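Observations on the three-dimensional arrangement
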Amino acid sequence: GKHSNKTQMLGLLRRQKPLRSRRSKQVRYLQEAPRTSLNFYLNSKPVNLTSFEPDTTLLDYIRSTGNTGAKLVCGEGGCGACTVMVSHGSKKHLALNSCLVPLGQLDGAHILTTEGIGSAQKGMDLIQSKLTEHFGSQCGYCTPGFVMAIYTCIQNNPKATSSDILKSIEANLCRCTGYRSIIAAAKDIANNIDKIRLYALPSDIDSLKPKYVRHRGERCIWYQPLELQQLLELKEKHNNAKIVVGNTEIGIEQRFGNQNYPVLLSPIHVKELCTIEYDSDCIKIGSAAILTDVQASLEQVKAKFIESGKQHKLSPVDSILHQIKYFSGPSVRNMATVGGNVMTASPISDLNPVFFATNAKFKLQSVDGVRIVSARDFFLGYRKTDAKPNEILISVTVPFTNKMQFVQAYQQCRRREDDIAIVNAGMKVELDQDNTITDLVICYGGMATQIKSARETEEFLIGQEWNRKNIEKAQQLIINDMGLEEQVPGGMGSYRTTLAMSFLYKFFVHVNNEIGEVVPAEELSAIKPLTSALPIGTPYYSTVEDASPVGEAAIHAGSKRQVTGEAVYVDDIPKRQDELSGGLITSSRPHAKILSIDKSRALAVPGVEAIYTHEDIPGSKMMGDVVKDEEVFATEKVTCVGQPIGIVVAKDEYTAKYAARLVDIEYEDLPPILSIQDAIKHDSYHEEPFEKPIITTGDTEKGFAESDHIIEGSTNIGWQEHFYFEPQVSIAIPEDNEMIIISSSQNMHHTQASVSSVLGYDENRVTSKVRRIGGGFGGKETFNVPFACAASIAAYHTGKPVRLLLGRDEDFKYTGKRHPFHGKYKIGFNNDGKINAADITLYANAGNTYDLSGPVVARGVFHSDNAYKIPNMRVEGKLCKTNLISNTAFRGFGGPQGMIVAETWMSEIADFLKMNPEDIREKNLYKYKEKTHYGMDVKVRLDELWDQAKKGSKFEQLKQERDEFNAQNRWKKRGLAITPSKFGLAFTATFLNQGSSLVNIYKDGTVLITHGGVEMGQGLHTKVCQVAAQALGVPVESVYVSETSSDKIPNSSATAASMGSDLYGMATLNACNILSERLKPIREKLGENCTMKDIATSAYMERINLQAQGFHKVPVTGFNFEEQTGQPFHYFTCGTAVSYVEIDTLTGDYRILKSDIFMDVGKSINPMIDIGQIEGAFIQGVGWLTLEELVWGDEEHKWIKSGHLQTVGPGAYKIPGLDDTPLDFNVRLVRVSDNSNAVHSSRGIGEPPILLSQSVVSALKDAIKVARNGDGVAALDLPLTAERIRMACKDNITELLLGNEADSFKAKGSW
């Protein structure tokens, strides 16, 4: 929306006199006729709306017009995929999250989307071109948001630097690329910024002045007054009306909290609320001033005060700037306001602790007058303030500090940038000339239901000298004031208490440094930020010697349409006139009998067409990939929260989902099993339909007997949400006794077979297809099927198309995740670190149904050696059956979990022997052609990869640098690690290792390919085009891959297991070879200079078939667990990574300083696509192992409702952002081993790199070990979050809080 474009720097603040109530004026204002139409521009086209819902989001409106570039990914302003540029006038332009912007606010605005700045056909903008050239778009779903964030930055600042551009996208998330390519594009854009065409806004944009408007919809009335008195009188009339400026709170409440607000007031044009003023004593910030303007104004104030030598006044300014810096990203700061921060009264507000510490004054006004309330008196309870129902917050006045007054703000989040605080703090101290404390405020957010001051601590310290002895005494009092139990709502009780203590210590060091007290150099690290720099990174690969398409870094085939917003995903398909929408009815209990279902309230909702449950399924009521143990709709019992019970079909998505919530279900609760430990305790396991996944090699008893040492231990590895950007969506279209399913799926045949079974159709009457999907990572291999089946049942009965689209919150709750594992191990080894024997048991939380859990655990068993030769080994996998959503495939498919357990005990061996971990790892690496525990030869030279990585990363130099840094810094520590990986390529289910491709040559010489693989950003279609182009001797541009469809390629395997290129590249090559052989006489007859057009035309005239079907099966036998024989994999893809990190031991925050990856990909078909896969997998792995924590209502989290997922959406669940990438990120493609087993001697690459992120975990453990004075902590549970890092860094603070338990403390988790 529009906010004040001018930041007014006025003179002395004038105290306003209280206003008298003027009822006659109120009547005059409210009788004025506001304008009721809405006028704005969309991509320079005028829009006039007279009938609309004013609280409809801009994103929903944009997409309804056919401009589908902006994407709905999260719906809460947490990802940036919906970013557009909104201009009010020609001078200032805001990048905004259109999923939050209410349509009612846009009067007089201009909205620009990625479609408005360029197109693949007519020409792309430079920003779009550079993202394409640098391979900055993989699945493409997030890309338009990046484009528009960068474009807006440059529209505002045509001389923007690389740093400016990177700041503009700091909150835009990407799940595919790993960000290095996007950073490279941003730098290239900055270097060519003079070539960017600034957007020419409509000539009358400056003449569109704000109007007093009222918009009346069916859901609400929207008022947008121009004058303060209008606003006050509207609030007097509508006491319960919500004030909307940024909509960052109310919009989320409406979308996810099912809230409806009948009256909304938008004061974005009320001058008094948008003004920022200051004088020599204080700064007054209008409550509707957006944080971007506040930030700019404070920077100006800071510059002026520094210039005039008044730096001592700036302590509050610096504190507010610090908090704003980490307050979400630019697209939210462009909407969010100071008033919103204050009035929501959130206990974790970023700014309120500063206002509390400085005792800022809040100006409240109503028609009855003005009240000034101090911040310390304003917050009354959880989201409760002293504001009266008819009052408006006008402004916040923050006093500057005098000499010897110091203010500081702190916060710690799960993710450093763009996150909500776990704990924050505001502190203010005043000292006299003897350093005696004369005034002190210590307050915290995130420690209670409201901001809370440490009263006992304050009372003790006031009157005392500001010194170390007194601060150390105060730490115990902080425990008294702020100490939390571990099971407190929000969890992390000990960590949060530790943060409160650490923040006080940081404040002590800060103040000492400010007043000139001598602070030991190593202790200053407590207040120094983590190392930061403009990120760099280089992809290294060998270029092809000739001009052949294979080996060339050809641009991703779909990227041009992705950057321009023209690429069509499932929900971008225009809605048919008769199309209906679905809303799922799901279980709210983890384990219960269904006693009754009452549909009456839902059926009474206008627009609801029907409700279908298990009774309405025409065919089979069961589904499943390996075992048919999953009910389409629950019949008598539910076994997890989120299990589908039925579907509501209605005129639109809003109505369907609203009605679904009105279905009343009566349950009888049954005891749930909610964790691996629960399952072990109750002997709850899924039955294996085939052999149990157990492998034994050698003689483990003898191996243990001959070992010098034996260690035993266990570790937990957490869940991971796929967070593919395109949510689950299916469209079912009944057509002439057939059913067409368009689904965001990695598995066309499984979708087709499941829908046909549920409908009672033969498979030949169901077609499953998709053109591209916005990310999958395994989450759409089987888990799209329940939604495709639900939509098809509704379409079957209504005879109309039905679209079922999950919101991000639903996708989190209703879909499976990466399997959590509990690994138990017993390892025998000698004094030199050589391993003799291993006995390992892997327990996986499979969830309520089997899904793919058996094969997932089997792969974990296969990969339990990682890259190490273990002569005597026994590994067993067990599938724990729990009452949580069934877990499913995820990149790596269980392999990474097995490998992580191996790396855990590798680190423990090093700690035990007091040897360098890298020496233990190197000593046990497989040698060339040594056999694995399942009998396969390792035909990769892991030792060469290892040596190249150590040398290329300058490992020894980094070790010396690490040691020097650690010696000089008490509270910052650095860690370094090198780790290998060995990943087996092939489906372990042998029959899946097959693929088909259909190749057509047309008379004009162009080539069309349809194959069984799905394009989801991994560049499969691009590689297939390159293979075909080389085989047929045509340019890559002449080859096109069409949609994936079961009516063209039947019985296709899932696009998974990193086998896409191997299967469909080889199948395409087979088809092309057939065609080449068929066309050989024509080519010879026409001569070597003939074109494919010449050949095809001539062949057509001679009635030669220009179509060929290719097929490929991978020559693997599979592994028989009973007989312990067979070959589960075709070959291995291996790599080595070196990572260098820095941690803040007082908070657990960390940064990756450098990562170097060396990957043997054989002869790469497309090196830049392979590098993109490596980078993306690595960063996704970093997220899984350090940031991304799913927390459920279980025994360890009793404050959460039983069986419910707490961490839903990007606000609570943190995937890596741009700032989480290594500051120096390098990938090198090497070729140390030949691979004749795959197309053009390449190697599958999608999954293998994910485990290289273990190098970051090992480096973090290395840093923690230094912080613990050499005491190792090998078996830390994962993810290694800030909480686990900090609590592992044992020091005087943790010992004061936990006593003897400090050494063994383990953070709670869901496993």
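What follows deals with the overall build of the chain. Scanning the chain from N- to C-terminus turns up 38 helices and 49 strands. Computed over the C-alpha atoms, the radius of gyration of the chain is 31 Å, within 12% of the 34 Å expected from 2.2 N^0.38 for a compact globule of 1311 residues. Taking the principal axes of the C-alpha coordinates as reference, the chain spans close to 95 × 75 × 70 Å. By sequence separation, contacts in the chain at least 24 residues apart represent 77% of the contacts at least 6 residues apart. In the form shown here, the chain has an accessible surface area of approximately 45600 Å², with 47% of it arising from carbon and sulfur atoms.

Strands sit in the order S30-S38-S37-S36-S31 across an open sheet of five strands; the sheet is mixed. Edge strands, defined here as strands with exactly one partner in the open sheet, are strand S30 (694-697) and strand S31 (709-717). Neighbour-to-neighbour, the strand axes of this sheet turn through a mean angle of 10°, independent of strand direction. Strand direction decides the pairing type here: strand S36 (residues 821-829) and strand S37 (residues 835-847), joined by nine bridges, are antiparallel.

So, about the nonpolar core. Ile827, Ile840, Trp905, Ile909, Ile1001, Ile1157 and Ile1264 are the most contacted members of the largest nonpolar core, which has 139 residues in total. Ignoring anything within four residues of it in the chain, the contact list for Ile840 reads Lys824, Tyr825, Ser864, Met873, Arg874, Val875, Glu876, Val901 and Trp905. Residues Met85, Tyr199, Leu884 and Tyr1213 belong to the second largest nonpolar core, which totals 64 residues.

Helix length check: helix H35 (residues 1167-1187), at 21 residues, gives a terminal C-alpha distance of 29 Å against a target of 30 Å (1.5 Å per residue), a fit within 8%. Judged by how many residues are buried, H35 sits mostly within the fold: 21 of 21 residues are covered.

Under the definition given, this model contains 27 aromatic pairs. With 5.5 Å between their ring centres and 90° between their planes, Phe862 and Phe1119 make a pair best called edge-to-face. Of the two residues, Phe862 is situated in helix H27 (residues 853-862) and Phe1119 in strand S45 (residues 1118-1120); the sequence distance between them amounts to 257 residues. No difference in accessibility class separates Phe862 from Phe1119, as the two residues are buried. Centre to centre, the rings of Phe1119 and Phe1121 are 5.2 Å apart; their planes meet at 75°, and the pair counts as edge-to-face.

Below, the discussion takes up the confidence of the model for the chain. The pLDDT averaged across the chain works out to 94; a share of 97% of its residues lies at or above 70. In this model, residues 1-28 is a region of pLDDT below 50 whose contacts with residues beyond four sequence positions or in other chains number 67 contacts.

With that settled, consider the packing of helix H29 (residues 917-924) against helix H30 (residues 942-952). The interhelical angle for the contact between H29 and H30, taken along N-to-C directions, is 155°, at an axis separation of 10 Å. By the angle between their directions, the pair H29 and H30 is classed as roughly antiparallel. H30 is crossed by H29, and the crossing has left-handed handedness. Where H29 abuts H30, its residues Glu918, Arg921 and Glu922 lie against Trp946, Asp947 and Lys950. Tallied by class, residues from the contact of H29 with H30 come to one nonpolar, no polar and five charged.

So, on to the environment of Met915. Here Met915 lies in the loop between helix H28 (895-913) and H29. For Met915, a relative accessible area of 23% corresponds to the partly exposed category. Beyond its immediate chain neighbours, meaning those up to four positions away, Met915 contacts Asn831, Asp832, Ala910 and Ile920.

Attention shifts here to the sheet that holds strand S47 (residues 1131-1144). The sheet built from five strands is open, its strands ordered S21-S49-S48-S47-S39 with mixed pairing. Since the sheet does not close on itself, it has two edges, and those belong to strand S21 (536-540) and strand S39 (972-985), each with one partner. Averaged over all pairs of adjacent strands, the angle between strand axes in this sheet comes to 10°, irrespective of strand direction. Inspection of the sheet shows S39 paired to S47 by 14 bridges, in the antiparallel sense. Among the inter-strand pairings, Leu976 is bridged to a residue of S47, identified as Tyr1140. Running at roughly 145° to S39, helix H31 (residues 955-968) makes contact with S39, S47 and strand S48 (1150-1160) of the sheet.

Definitions and cut-offs
Residues numbered from 1 in each chain as written. Predicted model: local features only at pLDDT ≥ 70, side-chain atom pairs only at ≥ 80, totals over all residues. Heavy atoms only, no water. Helix = DSSP H or I, 4+ residues; strand = E, 2+ residues; numbered from the N terminus. Rg over C-alpha atoms; globule rule 2.2 N^0.38 Å. Contact = heavy atoms within 4.5 Å. Areas by Shrake-Rupley, 256 points an atom, 1.4 Å probe, with all protein chains shown as cover. Pairing = 2+ DSSP bridges. Axes fitted to C-alpha atoms, helices over the stretch in contact; angles between N-to-C directions. Core = buried A, V, L, I, M, F, W, Y, C linked by side-chain atoms within 4.5 Å. Buried < 20%, exposed > 50% of the residue type's maximum accessible area, 1.4 Å probe, protein only. Expected span 1.5 Å × (residues − 1). Phe/Tyr/Trp six-rings, centres within 6.5 Å; stacked < 30°, edge-to-face > 60°. pLDDT = per-residue confidence, 0-100. Parallel < 35°, antiparallel > 145°, perpendicular 65-115°, else oblique. Left-handed = near helix turned anticlockwise from the far one by under 90°. Nonpolar A, V, L, I, M, F, W, Y, C, P; charged D, E, K, R; others polar.

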